[in-house]
Amino acid sequence: MRMQISGTKRQKRSTAVRKVGGGRPRKTTAGDDRYIILQAKRGRRQSASVIAQQLSTATGRQVLRFTVARSLHKGGLFARRPERCLPLKFDQRRHRLQWFREHKNWTTVNGVVSSLRMRVVSVPEAILNAF
């Protein structure tokens, strides 16, 4: 059962009366939330900070990146984090894999890098023949 008391909406349950919609006022409107989600879908690699700056430019109101992240989470997109490094290109990956294959038997001993072949050659023949 709802009652109107002095112009504000209130809800009455048995003897307790509580105000509907109480709490901290929202910083973004429903339209702002739609704008945030749209910007995130347009620019997949944009961070929440960049989207917050775009929203502030568009609306003229300051919005924190945490607010943007929360709106994205509610929209099912989850918060964007800035990328630490760019993904490698195909040639870079190929060269890196080739280098790893060439150096897979290398180890560090007392800060000196040596390959397995170098260590086997430097071992005296008497020790090798013992096995």
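Residues numbered from 1 in each chain as written. Predicted model: local features only at pLDDT ≥ 70, side-chain atom pairs only at ≥ 80, totals over all residues. Heavy atoms only, no water.

(A) The arrangement of the overall build of the chain in detail. Across its full length, the chain holds 6 helices and 5 strands. The secondary structure elements of the chain, listed N-terminal to C-terminal, are β-β-β-α-α-α-α-β-β-α-α. In the chain, which comprises 131 residues, the proportion classed as buried is 18%. In the chain, the proportion of contacts linking residues at least 24 apart, taken out of those at least 6 apart, comes to 37%. (Helix = DSSP H or I, 4+ residues; strand = E, 2+ residues; numbered from the N terminus. Buried < 20%, exposed > 50% of the residue type's maximum accessible area, 1.4 Å probe, protein only. Contact = heavy atoms within 4.5 Å.)

(B) Representation of helix α3 (residues 65-74). Those residues of α3 that sit buried are Thr67, Val68, Ala69, Ser71 and Leu72. Looking at the buried residues of α3, the elements they touch are α1 (30-42) and α2 (48-59). With its phi angle positive at about 85°, Gly76 sits one or two positions after the end of α3.

(C) Here's a closer look at the pattern of salt bridges. If you walk through the whole model with that rule in mind, you get 3 salt bridges. The residue Arg26 makes a salt bridge to Asp33 at a minimum N-O spacing of 2.7 Å. The exposure class assigned to Arg26 is exposed, which follows from its relative accessible area of 53%. A relative accessible area of 18% places Asp33 in the buried class. In this structure, the salt-bridge partner of Arg61 is Asp32, at a minimum N-O distance of 2.9 Å. Placement of the pair is Arg61 in the loop between α2 and α3 and Asp32 in helix α1, with a sequence separation of 29 residues. A residue is classified by how much of its surface remains accessible, and Asp32, at 8% relative accessible area, is buried. (Salt bridge = Lys/Arg side-chain N within 4 Å of Asp/Glu carboxyl O.)

(D) Highlighting a positive patch on the surface. On the surface, Arg24, Lys27, Arg70 and Lys74 cluster together into a positively charged patch. As for its placement among the helices and strands, Lys74 is situated in helix α3. (Patch = residues over 30% accessible without salt bridge, like charges linked within 9 Å, V, L, I, M, F, W, Y side chains within 5 Å. Areas by Shrake-Rupley, 256 points an atom, 1.4 Å probe, with all protein chains shown as cover. Lys, Arg positive; Asp, Glu negative; His and termini not counted. Charge placed at Lys NZ, Arg CZ, Asp CG, Glu CD.)

(E) Quick peek at the packing of α2 against α3. At a closest axis distance of 8 Å, the pairing of α2 and α3 adopts a crossing angle of 100°. One finds that α2 runs roughly perpendicular with respect to α3. Note on element contacts: α3 touches α2 through Arg65, Val68 and Leu72, opposite Ala48, Ser49, Ile51 and Ala52. (Axes fitted to C-alpha atoms, helices over the stretch in contact; angles between N-to-C directions. Parallel < 35°, antiparallel > 145°, perpendicular 65-115°, else oblique.)

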